Amino acid sequence: NFMLTQPHSVSESPGKTITISCTRSSGSIASNYVQWYQQRPGSSPTTVIYEDNQRPSGVPDRFSGSIDASSNSASLSISGLKTEDEADYFCQSYDDNNHRVFGGGTKLTVL
Amino acid sequence: EVQLVESGGGLVKPGGSLRLSCAASEFTFGTYTMNWVRQAPGKGLEWVSSISSNSNYIYYIDSVKGRFTVSRDNAKKSLYLQMDSLRDEDTAVYYCARDRPGGGSVFDYWGQGTLVRVSS
């Protein structure tokens, strides 16, 4: 099986742009879709990006996703940061046996 | 609005058993793959198990194989997780989550979670 590695934390000021990486340890990042979930304190996760770069309805276009085969990683970018974006973000993919794999999560602080 | 409501959590001694339930509403439960995902206190998310719409395909994370059993009753619109031989490390909030239709293994709706504490 593979692992997904995320930075433990990232912080930035309101209005700026951040990017959170999610690196796959083995196998190609392009082999299986990557999702991103936002979890605010005390709440259940919600999807902000699915299938690498798709946004669910209701998620602002400030959120975008991409994959980079050269670094074997996926990325979540958030532009025009707002204090309400402060949350934990988890990437997720799956293997060929349909076992789901989560990254360890990244705590975003908007100062 | 899709609703998933978990129940059945609580405090149990190591080696004990617990059965979690997830009641679904406002969608055609019997046509969706369903999942259990857990989160230990202060930790990240961990997928536990998936069950296909007709129960033909069932998957578990290795650490719970042989101890946990997932099942569903489509007539009752309910998902279950029977947890036996519980260990300290099973302590977590357990979420019921629905798969987005069309593949891609996306969790599109989550319940509010139920807390399982394993402690002597």
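Shown above is the structure to which this text applies.
A brief report on the enclosed structure follows. All figures in this text were calculated on a predicted structure; none of them were measured in a lab.

1. Comments concerning the state of the cysteines
Taken as a whole and assessed by the stated rule, the structure comprises two disulfides over all chains. Each disulfide pairs two cysteine sulfurs, and for C22(A) the partner residue is C91(A), the sulfurs being separated by 2.1 Å. Its S-S torsion of approximately 80° makes the covalent link between C22(A) and C91(A) right-handed. Taken together, the positions of C22(A) in strand β3 (residues 18-24) and C91(A) in strand β8 (residues 87-94) put the pair 69 residues apart, joining distant regions of the chain. Across this residue pair, the class does not change: C22(A) and C91(A) are buried. The side chain of C22(B) participates in a disulfide bridge whose partner is C96(B); the two sulfur atoms lie 2.1 Å from each other. Classification of the bridge connecting C22(B) and C96(B) rests on its S-S torsion, roughly -65°, and on that basis the disulfide is left-handed. With C22(B) in strand β3 (residues 18-25) and C96(B) in strand β9 (residues 92-99), this residue pair connects regions lying 74 residues apart in the sequence. An identical accessibility class is assigned to C22(B) and C96(B); each is buried.

2. Remarks on the nonpolar core
W36(B) and Y94(B) are the most contacted members of the largest nonpolar core, which has 40 residues in total. If you list the elements that add at least two residues to this core, you get β3, β4 (34-39), β5 (45-51), β7 (68-73), β8 (78-83), β9, β10 (107-110) and β11 (114-118) of chain B. In terms of residue count, the dominant contributor to this core is β9(B) (five residues). Within the second largest apolar cluster, 22 residues are counted, among which are I18(A), C22(A), L76(A) and I78(A).

3. Some details on the environment of R62(A)
All names here are of chain A. Relative to the assigned elements, R62 resides in the loop between β5 (46-49) and β6 (63-68). Considered as a pair, R62 and I78 are 16 residues apart in the sequence and their alpha carbons are 5.4 Å apart. Filtering out sequence-adjacent residues up to four positions away, R62 remains in contact with S77, I78, S79, G80, L81, K82, E84 and D85.

4. So, the interface of chain A and chain B
It is common to give the size of an interface as the accessible area that goes away when the parts come together. In this complex, chain A contributes 19 residues to the contact, which on the side of chain B involves 24 residues. Together, the buried faces of chain A and chain B total about 1700 Å²; carbon and sulfur atoms form 55% of this surface. Considering only the surface of chain A that becomes buried against chain B, H99(A), R100(A) and F102(A) emerge as the three largest contributors, covering 37% of it. Summed over the shared surface of chain A and chain B, the result is two salt bridges. Put simply, chain A and chain B have eleven residue pairs in polar contact (both at pLDDT 80 or more) between them.

Rules behind the numbers
Residues numbered from 1 in each chain as written. Chains lettered and ligands numbered in written order. Predicted model: local features only at pLDDT ≥ 70, side-chain atom pairs only at ≥ 80, totals over all residues. Heavy atoms only, no water. Disulfide = S-S within 2.5 Å. Helix = DSSP H or I, 4+ residues; strand = E, 2+ residues; numbered from the N terminus. Buried < 20%, exposed > 50% of the residue type's maximum accessible area, 1.4 Å probe, protein only. Core = buried A, V, L, I, M, F, W, Y, C linked by side-chain atoms within 4.5 Å. Contact = heavy atoms within 4.5 Å. Buried area = accessible area lost by both parts, 1.4 Å probe. Salt bridge = Lys/Arg side-chain N within 4 Å of Asp/Glu carboxyl O. Polar contact = N/O pair within 3.5 Å; in protein donor to acceptor, adjacent residues only side chain to side chain.

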